[in-house]
Amino acid sequence: MPRGRKDRERLTSDVIELARQYGRYGYRKIAALLRQAGWSVSDGRIERIWKREGLRVPAKQPKRGRLWLTDGSCIRLRPERANHVWSYDFVEDRTHDGRRFRMLNVIDEFTHECLAIHINRKLKAIDVIDVLSDLFILRGIPGHIRSDNGPEFVAKAVQEWIAAVGPKTAYIEPGSPWENGYIESFNARLRDELLNGEVFYTLREAQIIIESWRRHYNTILQRRRSSCQPSPRGRLRYVDRLRRPRWPHHQLSTNIRPGPLNEGCSSGYA
């Protein structure tokens, strides 16, 4: 916990700098990044700084009820482990010349990891098969694949290929995007954090920048998940599990700043 006036001022400046770099992150994500960099601070303290400095807090997402059948049974398939349920969907955007391009996003619902973002001017059923076949080779075959009822997903070629390979399909009800909430949430984040703030002059530029964002998204996600893992000493007291090392605060400026989104990017799937 920062004690001196200089430490408090440095913490405030670091919060503002992170809020500038990650414009769509709320105070909880900013607090997690600060703890990774060595600060021993709570979410509540960062929230107070957040409000005092007039930083914008993202609006809360409204709660939605489960989907129930008339007999009381729930029809929502919930992921139970990694590689249990994948979901995928299309997102559209345009380059600077007004030409449309499409993105096929694939995520693992349990880990929330983005497995692939395939980008092209047009995407057809064969493109869905190509992306999934590459992922099956790299990741293994999932138990279920969830998607909407779009023509690319219900195409006979896709259905036959998925049935031949092994995973079960889980189509959502028409007009019910909340049934595919994991991928819809990811799509909203992609658009909010990247697409709404970027101008793509060429398709190749869009492919490089979006792929770099995907890798950044997965890296931040893995860091957040690893920070929540329990201690290997299973019988430690709960207080001991909450203890964090006190790193020198002056190292923050060299630890938290990522490189530009379009550096070191390749088009393969991670």
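For the structure, see preceding data.
Being a predicted model, the structure only gives us computed values, none of them experimental.

> What am I meant to see in the pairing of strand β2 (residues 100-108) here?
The two faces of a sheet get side chains in turn, since along a regular strand they alternate between them. With 8 of 9 residues buried, β2 is to be regarded as a mostly interior element. Alignment of strand β1 (residues 85-94) against β2, held across 9 bridges, turns out to be antiparallel. Bridge pairing links Arg94 to Arg100 in β2. From the end of β1 to the start of β2, which pair antiparallel, there are 5 residues, and Gly98 there has a positive phi angle of about 90 degrees. Direction of pairing for β2 relative to strand β3 (residues 114-120): antiparallel, over a ladder of 6 bridges. Note on β3: the bridge partner recorded for Met103 is Ile119. Hairpin connection, β2 to β3: the antiparallel pair is bridged by 5 residues, and His112 has positive phi, about 65 degrees.

> So what exactly am I meant to see when it comes to unusual backbone geometry here?
Among all residues except glycine, the phi angle is most often negative; among peptide bonds, the trans geometry is most common. With a phi angle near 70 degrees, Asn83 is a residue other than glycine that sits in the positive phi range. Inspection of the secondary structure assignment puts Asn83 in the loop between α3 (43-52) and β1. One non-glycine residue, His112, lies in the positive phi region at around 65 degrees. By secondary structure assignment, the location of His112 is in the loop between β2 and β3. On the basis of relative accessibility, which here comes to 38%, the residue His112 falls in the partly exposed class.

> What is the right way to look at helix α7 (residues 181-193) in this model?
An α-helical turn contains 3.6 residues, so a residue and the one three or four places further along point in the same direction. The end-to-end C-alpha distance of α7 is 18 Å, a good match for the 18 Å that 13 residues give at a rise of 1.5 Å each. Among all positions in α7, only Ile183, Phe186, Asn187 and Leu190 are buried. Considered in projection along α7, the buried side chains sweep an arc of 100 degrees and stay on one side of the axis.

> Looking at this structure, I do not really get the nonpolar core. What am I missing?
Here is a general trend for soluble globular proteins: nonpolar side chains tend to be buried in one another's company. Core analysis: the biggest nonpolar cluster contains 20 residues, and Phe101, Met103, Phe186 and Ile210 have the highest contact counts within it. For this core, the secondary structure elements donating two or more residues are β2, β3, α7 and α8 (203-227). With 7 residues, the single largest contributor to this core is α8. Apart from residues lying up to four places away in sequence, Phe101 is in contact with Val91, Glu92, Asp93, Arg94, Thr95, Ile119, Asn120, Arg121, Phe200, Leu203, Ala206 and Ile210. One finds Leu104, Val128, Leu135 and Val158 within the second-largest nonpolar core, a separate group that totals 18 residues.

> Any chance you could explain the pattern of salt bridges here in plain terms?
Side chains carrying opposite charge are able to pair once their charged atoms draw close together. For the coordinates displayed, the defined rule picks out 14 salt bridges. Across the pair Glu17 and Arg20 runs a salt bridge, and its minimum N-O distance is 2.6 Å. Taken as a pair, Glu17 and Arg20 lie in helix α1 (residues 5-21) at a separation of 3 residues, close to a single helical turn. For Glu17, a relative accessible area of 18% gives the class buried.

> Any chance you could explain the environment of Ile119 here in plain terms?
Along the polypeptide, Ile119 turns up in strand β3. Residues Ile119 and Leu203, 84 residues apart in the sequence, show an inter-C-alpha distance of 8.2 Å. Apart from the residues lying within four places of it in its own chain, the contact partners of Ile119 are Phe101, Arg102, Met103, Leu203, Ala206, Gln207 and Ile210.

Procedures and definitions
Residues numbered from 1 in each chain as written. Predicted model: local features only at pLDDT ≥ 70, side-chain atom pairs only at ≥ 80, totals over all residues. Heavy atoms only, no water. Buried < 20%, exposed > 50% of the residue type's maximum accessible area, 1.4 Å probe, protein only. Helix = DSSP H or I, 4+ residues; strand = E, 2+ residues; numbered from the N terminus. Pairing = 2+ DSSP bridges. Expected span 1.5 Å × (residues − 1). Arc of directions from axis to C-beta. Core = buried A, V, L, I, M, F, W, Y, C linked by side-chain atoms within 4.5 Å. Contact = heavy atoms within 4.5 Å. Salt bridge = Lys/Arg side-chain N within 4 Å of Asp/Glu carboxyl O.

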